[in-house]
Structures are given as C-alpha cells and as structure tokens.
Amino acid sequence: MSDTQGFAALLGELSTFAAASVRMAAPLLIAGLGEAISETAGILNIGLEGIMLSGAFAAFIVAWATQNVWLGIMAGIAGGMLASLLHALLGVGRRADQTITGLALNFLASGLTSYFFLMAFGRTTSLPECPVLPAVEIPLLSSIPFFGPVLFSQNPFVYFAFVATGLVWLLFRRSEWGVILHAAGENPHAADSAGLDVIRTRYVAAAANGCFGGLAGASITLGTLGFFMENVTSGKGYIALVVVILGRRQPFGVALAALLLGAADALQFRMQTGNSGIPSQVFIMFPYLMTVIVLLFSIGKTRDPASLGIPFDRGRR
Amino acid sequence: MVVPAMLAMRDIRKSFAGVPANDGISFDVGEGEIHALLGENGAGKTTLMNILYGIYAADSGSIVWRGEVLGGHGPKEAIAQGIGMVHQHFMLVPTLSVSENITLGLKSRGHPFPDRRRLDTDILELSARYGLDVDPAAKVASLSVGERQRVEIMKLLYRDARLLILDEPTAVLTPGETDGLFRVLATCKGQGHSVILITHRISEVLAFADRITVLRDGARVATLEAAGATAAGLSTLMIGRELKSPARRTAPAASLPRSAAGDRAGLEARAISLRPVAGKGLQSVSFSVAPGEIFGIAGVDGNGQKELAECLLGLRIPDSGKLLFGGLPVEGLGPRQRKRRGLAYVSDDRHHDGLVLGFDLAENYLLGKLDDPRFVRFGLVDRKACLRGAGGAIADYHVKTRGPTEEVRLLSGGNQQKLILARELSSGPAIIVAFQPARGLDIGATEFVHERLLERRAAGSSVLLISSDMDELLGLADRLAVLHRGRLSPAYDNDGSLDMMRIGLLMGGQGMAEEACAS
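Not measured: the values here are computed from a predicted model.

Let's shift gears to the overall build of chain B. A count of helical and extended segments in chain B gives 18 helices and 23 strands. Taking 2.2 N^0.38 as the reference for a compact globule, 519 residues should give roughly 24 Å; the C-alpha atoms of chain B span a radius of gyration of 25 Å, in line with that estimate. Scored against the burial criterion, the 519 residues of chain B give a buried share of 52%. Considering only contacts in chain B between residues 6 or more positions apart, those separated by 24 or more positions represent 67%.

Right under this line is the structure:
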C-alpha cells in the first residue's frame, strides 16, 4: 500500500522536475536554433547573451508600458534583431572580427539595458511587474499521465521552441534555402560564383538569429519571471552557445542538448530549496559546471563550417 | 576563321596597382571551337578570363558576346548569358551533395522545396549525354579531384553554358583523368559548345586545341592554328627565347662511377611504414637512390608524398622500417642532425616550411647554416659574413632582388625558390630530397631548378625527386616509381622501355596490388 503511494509521490516529483527541465530548456533551445542558423551561414555570434538580454528588456518594457504581452513579445523580437543586425553590420558588412564584435555586443547590451532600466524606474526595492504569458493546457494531451504535465501544460514559448525545432529541420534538410545557408558558411566563394548573394544571405541569417534570440529573451521576462533586473539572462546566452556546439548545429541535436542543460538548471533549483545546509552558490554553479564538463567531452568531435567567423570578401581567396 | 566569332574581346586593358596585367589584348572564340590560352605564370591569362566572367571589370576595351556588348556584368550575368568558368580552385561546397552543388543558386521547380529525386534524374540524363560520370547523391567531400572537376563541368552544362572556360584544368589530374577530361571536352565541342582552355602545358594544347593564343607579359604574342604549330615554336613564343632542353640526356652522366661508391646507396629506405592519420600514411615503402642518380616518385598529390618527405627529413617518425644515409642508419636523428649528415630538403610549400617570409634574404640564407662557423660563432651571428654569404648565393643562383636585406616576401615565387636552392645546395649535400621543386614556377624558373638538380646529380648527390608532374619526372629521373595511397610501386627505368600506360594506371591505383605482389 505504502509502496504504491511512495511510487506515486516519486512519479509526481519526477514529473514536476521534468516539467521544470523542459521549461528551463525553452530559452536555450530557441536561442540555440537562431545561433545554429547564424553559424551555418558562417557568422559566429558570441553576442547571443547580448541579443537575449536586449530581447528580454525590450519585451519587458513594452509589456509593462502597454500591459499587453503580445506587444511585448513583438518588441522582444525587434530588440533581438536590432542587436544581431548591429553585429552583422560590423562583422558581415564591415568585415570586423566577429568574436570581438560579439564580445562587445554582450557588454553593450548589459550596460545599456541596465542604464535604461535605471532611467525608467530609478533605484527601487520593489521590482516593477509586467504581465506574463500564462501556461496553456492543451486539451486531452495535457491529461496524459506524466507526459501531460511535462510537455502539454507549458507556456506558449515552450510549444514554440518545439515547433521551431521541426521548422528549422525542414529548412536545413529539405529546402533550397538550407542549401544556400550551408554554402554561404562552408564555401562562400562557391556560393558567390553560383550567383548567390553571400552578404545578403548572411544578413538574413543574422536577422533570424536576432528574431530567435530576442524571443528567447522575451521568454525569460514574459514567460516565467514577470519582471526585469540587471543581467536577467544570467549567462543563458553563453549556455545556448554551448548547446549549439553540443548539438552540432543540427536542430534535434540542439534540442537534446538544451534539454540536458535545462535539466541541470532545474536540478540546481530543486537542490537550492532542499535545505541541505550547503550554500546556494554551490548549486547555482551547477549548470555552468555541467557546461564545462560537457564541453570537455565534446572537444574535437564537431566540425565547424569551413568559413565560420570569416567575413566574406570577394577579392580574397 | 571568317565565321563571325561567338566571342570577341577587343583591346582589353587592366592594371593592378599601376602594373598592367592585360595590356590591350584582343581575343576571339568561334562556335564549337577549343581555343587554348597559353602563357607563363603572370602572363595575364587568368586575369583576361576573370574579366570575361565578370569577376574583374576591365579598365578599358570591349567584349562582344553573340553579337551583344557585355560590360559591367558579374558572374551571375555571365552565367545567365551562357558563359561558365571552372576555376583553378574548385568552387564546390564539400559538405553538400553533388546534386545540391550542381543546382546551387538556381530556383528549381518547387522552390524552395525542390524535388531532389527529379533533379537527380535530370542530372543523370545530362551526365550520360556528355559522358560525365557523376553520382548525384554523393557528398562532394568524398570525391576525388577528377570527380570534383566533373561536377564543376556538370554545373556549367546544367546551366546551359555555351562557352566553358577552364583554368589550368589538368594541373591536378592523373594522365588517365586528363584523357577523360579531353574526351568530355570533345563531346562538348561536338554538341556546339566552345571551350577556352587556360594552360601552360604545350603538349596538351597541341593535342586537343583548335586554335592557340599565346600571351606573354600581359600582351598577346600570337594566335595560330594548332594544326601548324610546333612545341618548340610555342615555347619560344611563350618565354620570348629558345628553351634549353632540360632533358637528362644532355647533362653529363654521373662523374662518380656507381661501382666506386660501392653498393652503398646514398639514400635508402627499407619498409618505411607510417600509421595513417586522416587516411594518409605509408605502407612498407622501400627504395634506394644511388649516388649520381635521380630517383623519381610519381603520383597524385595527397597519396603520402608529404608524409614520406617528412619521414626522410626527420619531422615525422615512421612506425617501422629503416632509413639509411650513405649506409648508416639515421633513426632518432632530428632534421638538424640529418642535415649535418648531408641532407638537403626542398619543400613543396616554400611559404609554409621553406622560408620565413618576413625575414630578409640574408636571414633566410642563415637558417640553413646555423651550424656553419663562418656565420655563427659562440652562438652569435656574424651579420656581415651572412650578408656576404647571401650576396654570393644571390649572384651564383641569379636571384633577382634589390639585395640581401630585402624581405623575402617581396620576391617572386621563382626567385624565392632560387634562394632555397642556393641555401640547400651550395654546401654540396650528398642527399637531396626535392619535393615538387618547380611547383608554381614558370618555364624559365623551372628550367633553372632542373639544371641545378642535374648539376648535383653530376656531382654525385643522391637526388630523390617527388613530383606530380610527369613531364618533370620523365625529363629528370633515372628511375621512377609511383606512390598511391601510401604504397610504392616497383621502380622502372626511365628509358624507352617505360610503359606510360602502366604508370598512368598506377597513379590511379589500378594494378597497384598486383605490382606489389609481383615484386
């Protein structure tokens, strides 16, 4: 008797944990898909954290001002695209070093969003709140035991992440656009001599990255928190970069990697609240530690696009 | 040819940083014609074709293509007009399939979700029509160089190109693949396509072209019918003087009688094996080079040549086998000690491991002489002695430079190679490993390199010549063997008995196993 009760309790625990993992994975997955598109086209944008932060802030401020979540989401997308296109303007258009530009973008976004936030609200003890996109229970599916709560009672960002994974797979594997992206990242001179516009292709990829990254940022402020604070993305952009490498820039690979690191994040939260007497900082470290370990074991196993991070210049071979 | 030309380029001029690359060149191609553009490196062949293809814009001059003026066009417009170009460095995406590469940039039916199976069928039909054997589903990364070239040509035919421009297409092919290429080009010609063949290989031009235009120093020297042309005449047109015959026969035979050196080979490799890394290794490679002999190793690049050369130099350590210099084992010796034992090395990549480009001539000359007490005493460099030594080498080897203090990167490829030869050969080495010593050099500089190697042969050095250029090997080597996928065929005497057909097949890997068994 107590055995079945214990089993039910364990299943409940597991289901809560799995649901949290999926929820934590969503921003990593969305941002990771964008970065996968960008890197496939040959742009290495390590400014993903900056893109997400811009998206998170823009989404929050508009949602707070208009009290409309959907307008907030649109603003989040716009904010992310703005940040990503700034990177592209320098790293694609002006052929600047993409790594340095990405680094600069992170610092710029961190400083600017904090500054604007301070300008708008001053030093407050109570954080201003914005509306949050509520979780949507999908009829029928959400009542499936275990899988219902884990997969089908989530906020719309999670659903979007999974649909987007399939769409990006279609883009990469079934469409001519995917072939063009690959060509631009692998051998841009070949794409150029085939009459394709490499620069435009890369700008489009950068815009897509901004769109996804901005949405990932919005999912943090409008999907779970309902407020903004300094560096609210707390390194998720960097973890998303790891997710991309780990998933080898393939949509389903990225999804698996995002789930793995999402689970690490969820575990960390649970242990923090577990009253173990261990300082909470130890647990906060956990996802990052996991990231380092995972990177350690994936070294040398990925093959980067041949022209990743190299600006295209027709005259140079 | 009185028929109105398909293509007429008139008085094309183009300068780079004030240096004219094309100096008023006029050039015609007729319909269904194979027209060779012959010239040395830097004669302006590729520049002229890049202008035609729209990669560069001409400074002045006009292009008339099928009765219409072409100008201000890019590659995209050129392709749309039916002009296609196969570049020396292939423009393929290795991670994509053959079919995806062929249709890249086209809006096929159903775009952006094309029916790949239908496209593959179309491609197969086209390839059957032109005798181009390609597998549409294969990844380009898995193809050989010859196959990649076929994909490039298919790309043009698929786009309905009427004029195919091929930039040095045979530089990377085995003799068998070269014959295959020219069969395909003949089929194209039969179907009404015109072909422009950029090359510096006279034998190919004579065998396959209809007309020949010779360029020298950015200007057109002559346009003639291939039927009446001779090899000697063409080479004179190309270099502006008569070429001395590089043939080994004219060089004095080894002054050292082989018996005097005993049975002791100058350089001997016994069953050298190297575990493959990235598919490149060596399998029990054995050969010996007598003093006063040039031993040639033929084969397409990337079949273990680099690995073999680096084993000889001591940069790589073979997993098994023995290496003897003058009969003495050299195991465990590094490059410097091996050089002390009389080894000289001419690298295939002078920019990578032959020279330090940012150093001046004297410093690069010193790099090979760090053990020489004339230049280095008590660990200190005698700069004046270096300058004197380098100055002497510059004079002896006819290096064109402003002086020993000029940076090496400012020299032309030919002069850089001369400097390397001066450094490596001036000490009278007993063993010379020359790896593609004439790569990227024009005829004049090549001739110079070959003469120096023959000089060393006459002086009794054991010369190992590793090359993918059959003409070079046939002209220089006393004996030669073929390296394919890390295995070396038995050696053949390079005389009238040499079966070129067999050598060509060996380079493609056919008959390698039987040969190895028979030996």
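From this point on, the discussion continues.
Residue and element names in this part refer to chain B. Read across the open sheet, the 6 strands follow the order β6-β7-β8-β3-β9-β10; overall the sheet is mixed. What marks the edges here is a single partner per strand, and that holds for β6 (83–86) and β10 (219–225). Ignoring which end each strand starts from, the neighbouring axes of this sheet average 20° apart. Taken together, the 4 bridges between strand β3 (residues 34–38) and strand β9 (residues 211–216) define a ladder with parallel strand orientation. The partner of L38 across the bridge, within β9, is V214.

Attention now moves to the packing of helix α4 (residues 116–130) of chain B against helix α5 (residues 145–158) of chain B. Residue and element names in this part refer to chain B. It is the contact of α4 with α5, at a shortest axis distance of 11 Å, that shows an interaxial angle of 105°. With respect to each other, α4 and α5 are oriented roughly perpendicular. Of the residues in α5, those touching α4 at L119, D122, I123, L126, S127 and Y130 are M154, L157 and Y158. Looking at the contact of α4 with α5 residue by residue, the classes come out as 7 nonpolar, 1 polar and 1 charged.

Turning to the interface of chain A and chain B, a few remarks are in order. As a measure of interface size, the accessible area lost when the parts come together is often cited. Contacts between chain A and chain B engage 20 residues on the former and 23 residues on the latter. Of the roughly 1800 Å² buried between chain A and chain B on both sides combined, carbon and sulfur atoms contribute 66%. For chain A, the biggest contributors to the area lost against chain B are A:E176, A:V179 and A:S193; these three give 31% of the whole. The partner of B:R116 in a salt bridge is A:E176, and the shortest N-O contact between them spans 3.1 Å. Applying the counting rule to chain A against chain B returns 5 residue pairs in polar contact (both at pLDDT 80 or more). Taken together, the elements giving at least two residues each to the side of chain A that touches chain B come down to α6 (156–174), α7 (176–186) and α8 (188–193) of chain A. Residue contributions to the side of chain A that touches chain B peak at 7 residues, all from α7(A).

All names here are of chain B. The strand order across the open sheet formed by 4 strands is β2-β1-β4-β5, and the pairing between neighbours is antiparallel. A single partner strand is all that each edge strand has here, and the edge strands are β2 (19–29) and β5 (68–70). In this sheet, neighbouring strand axes are inclined to one another by 30° on average, regardless of whether the strands run parallel or antiparallel. Here strand β1 (residues 7–16) pairs with β2 via 8 bridges, running antiparallel. Residue pairing in the sheet places K14 in a bridge with N22 of β2. Against the sheet, helix α1 (residues 45–53) engages β1, β2 and β4 (60–65), with an angle of about 115° to β1.

With that settled, the discussion passes to the nonpolar core. A:L222 and A:F228 are the most contacted members of the largest nonpolar core, which has 56 residues in total. Secondary structure elements with two or more residues in this core: α1 (2–40), α2 (48–66), α3 (69–93), α4 (98–121), α6, α9 (198–225), α10 (236–246) and α11 (251–272) of chain A. With 10 residues, the top contributor of residues to this core is α1(A). If we ignore the near neighbours within four places in the chain, the residues touching A:L222 are A:A59, A:F60, A:A63, A:V69, A:G72, A:I73, A:C130, A:P131, A:V132, A:L133 and A:F157. Among the nonpolar cores identified, the runner-up in size contains 49 residues, and B:A298, B:L411, B:L473 and B:L476 belong to it.

This next bit is on empty space enclosed by the protein. Overall, the coordinates contain 2 cavities of 30 Å³ or more when judged by the stated rule. Space inside the largest cavity adds up to approximately 80 Å³. Together, A:S193, A:A194, B:Y53, B:I79, B:M85, B:H87, B:E152, B:K155, B:L156 and B:R159 line the largest cavity. Counting residues per element, the lining of the largest cavity draws most heavily on α5(B), which supplies 3 residues. Here the lining of the largest cavity is composed, by residue class, of 5 nonpolar, 2 polar and 3 charged.

A few words now on the packing of α7(A) against α9(A). Residue and element names in this part refer to chain A. Running from N to C, α7 and α9 cross one another at 110°; their axes reach a closest spacing of 10 Å. Relative to α9, α7 is oriented roughly perpendicular. Where α7 crosses over α9, the two elements pack in a sense that is left-handed. Here α7 contributes I180, L181, A184 and G185 to the contact with α9, which in turn contributes V198, T201, R202 and A205. Each residue belonging to the contact of α7 with α9 can be placed in one class, and the counts come to 5 nonpolar, 2 polar and 1 charged.

Scoring rules and cut-offs
Every residue gets a number counted from 1 within its own chain, in the order that chain's sequence is written. Labels follow written order: the first chain is A, the first ligand is 1, and so on. For a predicted model such as this one, the threshold for reporting local features is a pLDDT of at least 70, and the threshold for listing and counting side-chain atom pairs is 80 or more; totals across whole chains, interfaces and linings nevertheless cover every residue. The basis for every side-chain value is the complete set of non-hydrogen atoms in the structure, without hydrogens or water. Secondary structure counts use DSSP, requiring at least four H or I residues in a row for a helix and at least two E residues in a row for a strand, with both numbered from the N terminus. Radius of gyration here is computed from C-alpha atoms only, and the compact-globule reference equals 2.2 Å multiplied by the residue count raised to the power 0.38. Between buried and exposed lies partly exposed: a residue is buried under 20% and exposed over 50% of the maximum accessible area for its type, with that area taken using a 1.4 Å probe on protein chains only. Contacts are residue-level and defined by heavy atoms, with any inter-residue pair within 4.5 Å sufficient. Strand pairing follows a simple DSSP-based rule, namely that at least 2 bridges must link the two strands. With axes taken as lines fitted to C-alpha atoms, and helix axes fitted only over the stretch in contact, angles between N-to-C directions fall between 0 and 180 degrees. Any angle from 65 to 115 degrees is called roughly perpendicular, while one under 35 is roughly parallel, one over 145 is roughly antiparallel, and all others are oblique. Charged means Asp, Glu, Lys or Arg here, nonpolar means Ala, Val, Leu, Ile, Met, Phe, Trp, Tyr, Cys or Pro, and polar covers whatever is left, Gly included. Buried area: the sum, over both parts, of the accessible surface (1.4 Å probe) that disappears when the two are put together. Every case where a carboxyl oxygen of Asp or Glu lies within 4 Å of a side-chain nitrogen of Lys or Arg is listed as a salt bridge. What qualifies as a polar contact is a pair of N or O atoms within 3.5 Å, subject to a donor-acceptor requirement within protein and to the restriction that residues adjacent in sequence count only when both atoms come from side chains. Here, nonpolar core means buried Ala, Val, Leu, Ile, Met, Phe, Trp, Tyr and Cys residues that are tied together by side-chain atoms lying within 4.5 Å of each other. Using only the protein atoms, space was sampled on a 1 Å grid; points where a 1.4 Å probe fits but cannot get out form cavities, open sets with protein on both sides within 12 Å along at least five of seven lines form pockets, and lining residues are those with an atom within 4 Å of a point. Grid points are joined across faces, edges and corners, and a volume is the space filled by probe spheres set on the points. Take the far helix as the reference: if the near one is turned anticlockwise from it by less than a right angle, the crossing is left-handed, and if turned clockwise, right-handed.

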